[in-house]
Amino acid sequence: MKTAIAFWNILLKDMRNYYLKPPNISWGIIFPFAWMLMFFLKSQTTVDVRGVLPGVMAMSILFGTTSMLAVTITFERRSRSFDRLLLSPVSLTWLMLAKTLGAIIFGIINAFVPVLIALFFIPVSHINWVILILSVIFIAITSTFLGLFIAVSVSEVFEAQTFSNFFRFPMVFLCGLFIPIGQLPIFLRPFSYIIPLTYGADLLKTAINQNGHIALGISLLVLLCLSILLFMISKRNIKKRWIY
Amino acid sequence: MEQHILRVENLSKKFNDFLAVNSLNFSVIKNEIFGFLGPNGAGKTTTINMLTGLARPTSGSIFINDKDYTANIKKAQEIIGIVPDESNLYEEMDGLENLCFCASLYGIKKAERIHRAKKLLQQFNLTTAGNKPYKSYSKGMKRKLTLAAGIIHEPGILFLDEPTTGIDVASARQIRALIKSLNEAGTTIFMTTHYIEEAERLCHRIAFIVNGQIIKIGKIDELMEDAQKDKIIQFSFDGIVQLNQFENNFNHQFSHCKLTYIQDSVFQIHSAIPLDLMPLISFFDSHGLKVTEARIIKPSLEEVFVKITGIERDVMKKEKEGRKK
Ligand SMILES: Nc1ncnc2c1ncn2[C@@H]1O[C@H](COP(=O)(O)OP(=O)(O)OP(=O)(O)O)[C@@H](O)[C@H]1O
Ligand SMILES: [Mg+2]
């Protein structure tokens, strides 16, 4: 019960204080929005809109969640208020779950911004909503924990942003959204299969265009495993670096 | 019988090869204010961090209410309150929100949170500041709110790291008064400071810590006892008088005394046995020195500290000024 009160208030505070912070708006909302607009304006047909929608959604989630973590974790660490959390009776696991849930929700909201806009262009009937929602949730969780991993590995907010881009941009190009994996140079392909976004993007393709290549269960399983792995590494890093 | 709320055995902390805290042994008695007095880099913050769970001891044990929490301070955090040396509240939230949030971390329900927060704001004279963002606060107000945030869950033991460093004299006095009244209301306090007078004024017991080691520990009067054995008389003279004008003759005639230079024309005479004033005055007279003042110096805690630790009073003073910048 006590943990629940703490959990809820940490989550609420982060949502209130950080959802509308400049880096979240610029990286999390404006940036994917601009990409989306560019693609939508370029696409002449509804098929094209459907084709780029998975990519834009995946990017919105990825950029939204990782930017959010740079603020909620790195920024708070910098201003020392994160110490206050570490000094509270809440266990580290619950603490990190509370700190990340805000970003996960933010990522999910971000994902549906492009969907809402796309609805003006394309018929809804093709979309498998169950898979869509499921994949958005899974991508949001994995991206958030990737953001967490980055956020606990650096000590300055700008480093978190730079370090994130080091992951984000290659991922966008390797995940098969804009360039099909089959068309990538052979030596790059293995990288495609170790990044979470490949599986997330494939899930979204299945949901929106029914043209994914990877079995649904495998994608979900890979994302789940990667999430757990990233969470464990982050937890270990906090224990090692911040409780010295 | 004295109840030890906190007990520390052979507590050490190494950073790579550097021994920052070296085998500390002490305990904090329920309802007292226990002070850690030492210069910069003595290991005060490192000790607090180990006791509160921000740093892992390299060796040694920490007992709280006689239970060993060394490996898992988290379990004791509910009864611990911490006020760090730098404010760590949320800049964009107001005073009331900050306090309520801190209370929520300890699982306190909403109505109770608000009730306690408002009471503390009132007690700390921050009621009007309560709905202004924390970033608009002055340093003194920030320190007060940080103190309030540290006690909102009514901890059994409160850790204060340099509670008055870096704030003006008036705010420091307010903070000291608050600390005193908290203690009188039953809170046990462990505090660090490098202000000797602050330790003397607030603490029931003091540990001198230098280079990670406790040099001496005890009640103020126990600490003073040693120094009080020394009798000190301070002489001031008319005109400029240098030590070398009479030093040799003095040492020859009063071999049981020790002569120390304070400033030009002011000297102190230390002696382990009671001093007779008349022979001293006639000695100075015979050397053509006119005594304008002679007074008995009661040793202060500062002198005790200087004597025991070998740290010059100027070092501690300079630190104070350095910190203010
Ligand atoms: N994380 C760390 N890594 C390496 N050395 C450290 C670390 N933290 C503290 N130290 C060193 O340990 C020693 C004790 O530091 P500590 O901060 O505990 O001193 P302090 O008594 O609190 O001093 P101050 O009055 O300046 O606050 C210092 O020499 C400091 O440089
Ligand atoms: Mg310190």
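Described below are features of the structure shown in this document. (Residues numbered from 1 in each chain as written. Chains lettered and ligands numbered in written order. Predicted model: local features only at pLDDT ≥ 70, side-chain atom pairs only at ≥ 80, totals over all residues. Heavy atoms only, no water.)

As for the overall build of chain A
Line of reasoning, step 1. Secondary structure assignment for chain A yields ten helices and zero strands.
Line of reasoning, step 2. Listed N to C, the secondary structure of chain A is α-α-α-α-α-α-α-α-α-α in terms of helices and strands.
Line of reasoning, step 3. A globule of 244 residues ought to have a C-alpha radius of gyration of about 18 Å, and chain A, at 18 Å, matches this closely.
Line of reasoning, step 4. Considering only C-alpha atoms, chain A reaches an extent of 55 × 40 × 35 Å along its principal axes.
Line of reasoning, step 5. Put simply, chain A has 244 residues, and 54% of those count as buried.
Line of reasoning, step 6. Considering only contacts in chain A between residues 6 or more positions apart, those separated by 24 or more positions represent 78%.
Line of reasoning, step 7. Roughly 10,400 Å² of accessible area belongs to chain A as shown, and the carbon and sulfur atoms make up 75% of that amount.
Line of reasoning, step 8. With 19 positive and 7 negative side-chain charges, chain A shows a spacing of 5 Å between the two charge centroids. (Helix = DSSP H or I, 4+ residues; strand = E, 2+ residues; numbered from the N terminus. Rg over C-alpha atoms; globule rule 2.2 N^0.38 Å. Buried < 20%, exposed > 50% of the residue type's maximum accessible area, 1.4 Å probe, protein only. Contact = heavy atoms within 4.5 Å. Areas by Shrake-Rupley, 256 points an atom, 1.4 Å probe, with all protein chains shown as cover. Lys, Arg positive; Asp, Glu negative; His and termini not counted. Charge placed at Lys NZ, Arg CZ, Asp CG, Glu CD.)

So, the overall build of chain B
Line of reasoning, step 1. On a plain count of helices and strands, chain B comes out with eleven helices and 14 strands.
Line of reasoning, step 2. Principal-axis analysis of the C-alpha atoms places the extent of chain B at approximately 80 × 45 × 40 Å.
Line of reasoning, step 3. Out of the 325 residues belonging to chain B, those deemed buried represent 52%.
Line of reasoning, step 4. In chain B, the share of contacts with a sequence separation of at least 24, taken over all contacts with a separation of at least 6, comes to 69%.
Line of reasoning, step 5. For chain B, the accessible area works out to roughly 15,500 Å², and carbon and sulfur atoms hold 49% of it.
Line of reasoning, step 6. Here chain B contributes 42 positively and 39 negatively charged side chains, and the mean placements of these two sets differ by 7 Å.

Brief notes about the side chain of S234(A)
Line of reasoning, step 1. Summarising the element assignment, S234(A) is placed in helix α10 (residues 216-241).
Line of reasoning, step 2. Aside from chain neighbours lying at most four places away, what touches S234(A) is M96(A), F145(A), L148(A), F149(A) and V152(A).

Looking at helix α4 (residues 139-151) of chain B
Every α-helical turn comprises 3.6 residues, leaving residues that sit three or four positions apart pointing alike.
Line of reasoning, step 1. Counted at 1.5 Å a residue, the expected span for α4(B) with its 13 residues is 18 Å, and the 19 Å between its end C-alpha atoms agrees.
Line of reasoning, step 2. Taking burial as the measure, the 13 residues of α4(B) include eleven buried ones, the bulk of the element.
Line of reasoning, step 3. By the burial criterion, the buried members of α4(B) are G140(B), K142(B), R143(B), K144(B), L145(B), T146(B), L147(B), A148(B), A149(B), G150(B) and I151(B).
Line of reasoning, step 4. Where α4(B) is buried, its residues meet α4 (81-86) of chain A together with β6 (80-83), α2 (95-105), α3 (110-123), β7 (157-161) and α5 (169-184) of chain B. (Expected span 1.5 Å × (residues − 1).)

Notes on the interface of chain A and chain B
Line of reasoning, step 1. Taken together, the contacts link 28 residues of chain A with 32 residues of chain B.
Line of reasoning, step 2. The contact between chain A and chain B buries some 2,800 Å² in all, and 55% of this surface belongs to carbon and sulfur atoms.
Line of reasoning, step 3. When the area that chain A buries against chain B is broken down by residue, the three leading residues are R84(A), L87(A) and Y244(A), summing to 32%.
Line of reasoning, step 4. Counting across the interface, chain A meets chain B through three salt bridges.
Line of reasoning, step 5. The shortest N-O distance in the salt bridge between K2(A) and E78(B) comes to 2.8 Å.
Line of reasoning, step 6. In terms of residue count, the dominant contributor to the side of chain A that touches chain B is helix α1 (residues 2-18) of chain A (eight residues).
Line of reasoning, step 7. By residue class, the composition of the side of chain A that touches chain B is 14 nonpolar, six polar and eight charged. (Buried area = accessible area lost by both parts, 1.4 Å probe. Salt bridge = Lys/Arg side-chain N within 4 Å of Asp/Glu carboxyl O. Nonpolar A, V, L, I, M, F, W, Y, C, P; charged D, E, K, R; others polar.)

A word on the nonpolar core
Residues and elements named next belong to chain B.
Line of reasoning, step 1. Counting 153 residues, the largest nonpolar core has L6, F26 and F190 as the members making the most contacts within it.
Line of reasoning, step 2. If sequence neighbours within four positions are ignored, F26 has contacts with L6, R7, V8, F34, F36, L51, F190, I214 and I217.
Line of reasoning, step 3. With 16 residues, the next largest nonpolar core counts F237, F246, C257 and L280 among its residues. (Core = buried A, V, L, I, M, F, W, Y, C linked by side-chain atoms within 4.5 Å.)

Topic: the pattern of salt bridges
Residue and element names in this part refer to chain B.
Line of reasoning, step 1. Per the counting criterion, the structure on display carries 18 salt bridges over all chains.
Line of reasoning, step 2. Its salt-bridge partner being E112, residue R116 comes within 2.7 Å of it at the nearest N-O pair. Placement of the pair is R116 and E112 together in helix α3, with a separation of four residues, close to one helical turn.
Line of reasoning, step 3. Among the residues examined, R116 registers a relative accessible area of 17% and is labelled buried.

Focus: the site of ligand 1
Residues and elements named next belong to chain B.
Line of reasoning, step 1. Lining the immediate surroundings of ligand 1 are 14 residues, of which N40, G41, K44, T45 and T46 lie closest.
Line of reasoning, step 2. T45 is positioned such that a nitrogen or oxygen atom in its side chain is 2.6 Å from an oxygen atom of ligand 1.
Line of reasoning, step 3. Considering ligand 1 on its own, with 630 Å² of exposed area, one finds that the protein chains cover 65% of that surface.
Line of reasoning, step 4. Counting residues per element, the ones that place at least two in the shell around ligand 1 are β2 (18-29) and α1 (44-52).
Line of reasoning, step 5. Per-element accounting of the shell around ligand 1 gives the leading share, three residues, to α1. (Near = heavy atom within 4 Å. Polar contact = N/O pair within 3.5 Å; in protein donor to acceptor, adjacent residues only side chain to side chain.)

What about the sheet that holds strand β14 (residues 291-296) of chain B?
Residues and elements named next belong to chain B.
Line of reasoning, step 1. Taken in spatial order, the four strands line up as β12-β13-β11-β14 in an open sheet, and their pairing is antiparallel. Two strands lie at the open edges of the sheet, namely β12 (257-263) and β14, each paired on one side alone. Shown here is a sheet whose adjacent strand axes are inclined to one another by a mean of 20°, direction ignored.
Line of reasoning, step 2. Where strand β11 (residues 231-237) lies against strand β13 (residues 266-271), six bridges are found, and the strand directions are antiparallel. Directly across from K231, in β13, lies its bridge partner S271.
Line of reasoning, step 3. Against the sheet, helix α9 (residues 277-286) contacts β11, β13 and β14, and its axis sits at roughly 30° relative to β11. (Pairing = 2+ DSSP bridges. Axes fitted to C-alpha atoms, helices over the stretch in contact; angles between N-to-C directions.)

Some words on the environment of S234(A)
Line of reasoning, step 1. A residue is classified by how much of its surface remains accessible, and S234(A), at 0% relative accessible area, is buried.
Line of reasoning, step 2. Between the C-alpha atoms of S234(A) and R168(A), which are 66 residues apart in sequence, the distance is 18 Å.

Brief notes about the sheet that holds strand β3 (residues 33-37) of chain B
Residue and element names in this part refer to chain B.
Line of reasoning, step 1. Judged by pairing direction, the sheet is mixed, and its six strands sit side by side in the order β6-β7-β8-β3-β9-β10 without closing on themselves. The two strands at the open ends of the sheet, each matched to only one other strand, are β6 and β10 (213-219). When strand polarity is set aside, the average angle formed by the axes of neighbouring strands in this sheet is 15°.
Line of reasoning, step 2. Across four bridges, β3 lies against strand β9 (residues 205-210) in parallel orientation. Note that in β9 the partner of F36 across the bridge is A207.
Line of reasoning, step 3. In the packing of α1 onto the sheet, the strands contacted are β3, β6, β7, β8 (188-193) and β9, and the crossing angle to β7 comes to about 150°.

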